[in-house]
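Chain by chain, the residues:
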Amino acid sequence: MLHLARFAAIAVLVWFYISAKEKGESPINWAITGVIGYWITWWAVKLTAVAALSGLVAKNPTGAFLVYQIPALCAVGAAFLIRKKLLADAEKKNQA
């Protein structure tokens, strides 16, 4: 069930790395920031929302599968916001 989360984490890593290179920033720092933000969000949602909802869908395999994908989707959303912030900071730095 964690395959989506792993693939998304790799995609976030590559996405941040490429974005940093395009903006002339440190790709390693951006990639690490993106992946850390992704995994912190993933764990936070897994330990809160999924733990609360897993009991409700325990007998329904499709529902359980969907509930276990919620952390990955939330983490991708968080990565999007983190990237947006990094891009804004890079733009301010380039203007100064």
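Residues numbered from 1 in each chain as written. Predicted model: local features only at pLDDT ≥ 70, side-chain atom pairs only at ≥ 80, totals over all residues. Heavy atoms only, no water.

Caption draft 1: Representation of the environment of Lys-46. Tracing the backbone through its elements, the reader meets Lys-46 in helix H2 (residues 27-53). Residue class for Lys-46 comes out partly exposed when judged on its relative accessible area of 27%. Distance in space between the C-alpha atoms of Lys-46 and Ile-82 is 19 Å, their sequence separation being 36 residues. Discounting chain neighbours no more than four positions away, the residues touching Lys-46 are Ala-51 and Pro-71. (Helix = DSSP H or I, 4+ residues; strand = E, 2+ residues; numbered from the N terminus. Buried < 20%, exposed > 50% of the residue type's maximum accessible area, 1.4 Å probe, protein only. Contact = heavy atoms within 4.5 Å.)

Caption draft 2: Up close: the pattern of salt bridges. Enumeration according to the criterion identifies two salt bridges in this entry. Taking the shortest distance from any N to any O, the salt bridge between Lys-93 and Glu-25 comes out at 3.3 Å. One end of the pair, Lys-93, is in helix H4 (residues 70-95); the other, Glu-25, is in the loop between helix H1 (3-23) and H2, with 68 residues separating them in the sequence. Since its relative accessible area comes to 16%, Glu-25 is described here as buried. A salt bridge links Lys-85 to Asp-89, with the shortest nitrogen-to-oxygen separation between them at 3.0 Å. Taken as a pair, Lys-85 and Asp-89 lie in helix H4 at a separation of four residues, close to a single helical turn. (Salt bridge = Lys/Arg side-chain N within 4 Å of Asp/Glu carboxyl O.)

Caption draft 3: Focus on the packing of aromatic side chains. Tallied over the full model, the rule gives four aromatic pairs. When the ring of Trp-15 is compared with that of Phe-16, the centres are 5.8 Å apart and the planes differ by 85 degrees; the resulting orientation is edge-to-face. In this structure Phe-16 comes out as buried when scored by relative accessible area, which is 0%. On the numbers, 5.1 Å between centres and 85 degrees between planes, the contact of Tyr-38 with Trp-39 is edge-to-face. Judged by relative accessible area, Tyr-38 falls into the buried class, the value being 0%. Accessibility expressed as a relative area gives 27% for Trp-39, which makes it partly exposed. Here the aromatic cluster, defined as three or more aromatic residues joined through ring pairs, consists of Tyr-38, Trp-39, Trp-42 and Trp-43. (Phe/Tyr/Trp six-rings, centres within 6.5 Å; stacked < 30°, edge-to-face > 60°.)

Caption draft 4: Layout of a nonpolar patch on the surface. A surface patch of nonpolar side chains, about 940 Å² in accessible area, is lined by Phe-7, Ile-10, Leu-13, Val-14, Tyr-17, Ile-18, Ile-28, Ile-32, Ile-36 and Ile-40. Of all the elements, H1 adds the most residues to the nonpolar patch, at six residues. On the basis of relative accessibility, which here comes to 43%, the residue Ile-18 falls in the partly exposed class. (Patch = residues over 30% accessible without salt bridge, like charges linked within 9 Å, V, L, I, M, F, W, Y side chains within 5 Å. Areas by Shrake-Rupley, 256 points an atom, 1.4 Å probe, with all protein chains shown as cover.)

Caption draft 5: Molecular detail of H4. With 26 residues, H4 should cover 38 Å at 1.5 Å per step; its first-to-last C-alpha distance of 38 Å lies within 8% of that length. Residues Pro-71, Ala-72, Ala-75, Ala-78, Ala-79, Arg-83, Leu-86, Leu-87 and Ala-90 constitute the buried set of H4. On the buried face of H4, the contacting elements are H1, H2 and helix H3 (61-67). (Expected span 1.5 Å × (residues − 1).)

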